[in-house]
Each structure stands twice: as structure tokens, then as C-alpha cells.
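A look at the structure
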Amino acid sequence: MKSLTSFLLILAFIPLSCQETEKPEILPAEIQIKTATLPAPEVEKAGTMVYGYNESGKFVVLREGTNNLVCLADDPKKDGISVSCYSKKLEPFMKRGRELSAQGKDFKEKREIRGAEVAAGKIQMPKEPSMMYVYFGSDAAYDKTTGELSDGQYRYVIYTPFATTESTGLPDKPHEKGMPWLMDPGTFRAHIMIGPFK
């Protein structure tokens, strides 16, 4: 009887411990900022606006910016480390994507909704090429105390809405690792992909 009672007590605590391990770890704001700005050019790091997560896991502004870049901290709910910085001119497009993701929309739905909103003039896409810097790697190579990522790789993305393979001379798929190519040609999402290089 005593062993049965002990077993039931253990079972009672299992759901609690599982819930605790499922809750993502939210790193201090300064570490999130350090990691979020890793892909930005060195001269721009200190002045970028940074979005990240507060103690309750809500997506918030961690730091207001003074330059032309917006950086996103790593999502603690996803495997691996991935951070990015992009031109403020892309913020309406990026912000709307985050809103739609929060509503549970999938990639296809987000693409269709934002496409319709761009066509209707509700989302203004930049008229000139606009830069996005991405840096990503593994959880195992990430130092949570310093915000450094030792196995990180870069990917560069240049948004050029409605550009085509004909207008740019770029192919619509890479034939060498790290070479520039045009993704989603002819659409509002058209962008030049460069990298990763490994």
C-alpha cells in the first residue's frame, strides 16, 4: 500500500515537471540584444531597434533604435538559433507577417493576405532594394551567458519587390553554394538570396 501511494504521488508530479521543461527559457534582455545584433554591420549594432521577449514570453521592443535597422531576437520556442536585422523600410511587411502568424495563419495564407494588401496599397513595400541580414546556428554552439554563437552562418537577403530574372540577370535557383539568386521573382516578395557559404 505504501509503495502504491508513493507511485501515485510521483505520477501526480509528472505533469508539473513536464510543464516546467516545456516552458521556454527567456534570456536577459542584454543577452537577447547582443545575439539579435550579431548579423548587423559592426558600425550599426549599437543603434539598432531590437525586438525580443519579456519575462512572460511576450514579444516586445527591448531597445528603441537610432538608425535604419530593426533586429529580431531568437525565438526561444524554436530549435536552433536564428536572428536577423533588416531595413526599417521593410517593417510594415515584417510586422504584418508577425501579426498574421500570431493569428495562426500558415505560410500560404500569409503570402496571399499580404499579397492582396500590397496590391491594395495597405502595405507599402520599398521601391529600392532593402537589406536583411540573417545569422543562424545550433543551440549546442550558443553561449547563453555571452550571447555568442560559435558555429554561426550568414545569409544575406536583398528585397527587390517585383524584380524578375530578366530585370536582374539572376537565376531563380543557385547552382553554386553562396551564389546570389532571385527567389519569388515577379512578386511583391521578390528577393535576392546570398549564402549560406558553408
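Described below are features of the structure shown in this document. The structure displayed is predicted, hence computed values, not measured ones. (Residues numbered from 1 in each chain as written. Predicted model: local features only at pLDDT ≥ 70, side-chain atom pairs only at ≥ 80, totals over all residues. Heavy atoms only, no water.)

1. A closer look at the overall build of the protein chain
Definition in use: Strands here are runs of E lasting at least two residues and helices are runs of H or I lasting at least four, both read from the DSSP assignment and numbered beginning at the N terminus. Buried, partly exposed and exposed residues are distinguished by accessible area as a fraction of the type maximum, computed with a 1.4 Å probe on protein chains only: under 20%, between the cut-offs, and over 50%, respectively. Contacts are residue-level and defined by heavy atoms, with any inter-residue pair within 4.5 Å sufficient. For the area figures, the Shrake-Rupley method with a 1.4 Å probe applies, and any residue is considered shielded solely by the protein chains shown.
The secondary structure content of the protein chain amounts to 5 helices and 10 strands. Within the span of the protein chain, comprising 198 residues, buried residues form 40% of the whole. Here the analysis covers contacts within the protein chain between residues at least 6 apart in sequence; of these, 49% occur between residues at least 24 apart. Surface accessibility of the protein chain: about 11800 Å² in total, with carbon and sulfur atoms responsible for 58%.

2. Regarding the pairing of strand 3 (residues 69–72)
The test is simple: The rule for pairing is simple: two strands pair if DSSP sees at least two bridges between them.
Burial of the side chains of strand 3 extends over both faces: Leu-69 and Cys-71 are buried on one face and Val-70 and Leu-72 on the other. As judged from the 3 bridges shared by strand 1 (residues 49–53) and strand 3, these two strands associate in the parallel manner. Each bridged residue has a counterpart across the sheet, and for Tyr-51 the counterpart in strand 3 is Leu-72. Across 4 bridges, the pairing between strand 3 and strand 4 (residues 81–87) is antiparallel. Bridge assignment links Cys-71 to a residue of strand 4, and that residue is Cys-85.

3. Observations regarding the nonpolar core
Note the threshold: Buried Ala, Val, Leu, Ile, Met, Phe, Trp, Tyr and Cys residues form a nonpolar core when they are joined through side-chain atoms within 4.5 Å.
Counting 18 residues, the largest nonpolar core has Tyr-86, Phe-93, Met-94, Met-132, Val-157 and Tyr-159 as the members making the most contacts within it. Looking at this core, the elements with two or more residues in it are strand 1, strand 3, helix 3 (91–102), strand 5 (130–137) and strand 8 (153–159). With residues near it in sequence (within four places) discarded, Met-94 still touches Tyr-86, Arg-114, Met-132 and Tyr-159.

4. Observations regarding unusual backbone geometry
With an omega of 0 degrees, the peptide bond running from Gly-195 to Pro-196 counts as cis. Positionally, Pro-196 belongs in the segment after strand 10 (191–194). Within the chain, Phe-162 stands out as a residue other than glycine whose phi angle is a positive 70 degrees. Assignment of secondary structure puts Phe-162 in the loop between strand 8 and helix 5 (165–168). Given the relative accessible area of 48%, Phe-162 is considered partly exposed. With phi around 55 degrees, Asp-184 is a residue other than glycine that occupies positive phi space. Position of Asp-184 relative to the elements: it lies in the loop between strand 9 (181–183) and strand 10.

5. Examining the environment of Ile-81
Within the fold, Ile-81 resides in strand 4. The spatial distance from the C-alpha of Ile-81 to the C-alpha of Ala-36 is 9.9 Å, given a sequence separation of 45 residues.

6. Concerning helix 4 (residues 107–119)
Stated formally: A helix is expected to reach a length of 1.5 Å times the quantity of its residues less one. The arc in question is the one traced by the directions running from the helix axis out to the C-beta atoms. Counted as a polar contact is a pair of N or O atoms within 3.5 Å, where, for protein atoms, one must be capable of donating a hydrogen and the other of accepting one, and residues adjacent in sequence contribute only when both atoms are in side chains.
Compared with an ideal rise of 1.5 Å per residue, which puts 13 residues at 18 Å, helix 4 spans 18 Å between its outermost C-alpha atoms and is within 8% of the ideal. What helix 4 keeps buried is the set Lys-110, Arg-114, Gly-115, Glu-117 and Val-118. Mapping the buried residues of helix 4 onto a view down its axis gives an arc of 165 degrees, with all of them on the same face. Within helix 4, the exposed residues directed more than 90 degrees away from the buried face are Lys-108 and Ala-119. For helix 4, the secondary structure elements touched by its buried residues are helix 3. Of the residues flanking the start of helix 4, the one acting as N-cap is Asp-106, its side-chain oxygen 3.2 Å from the backbone nitrogen of Lys-108. The first or second residue beyond helix 4 is Gly-121, which carries a positive phi of 80 degrees.

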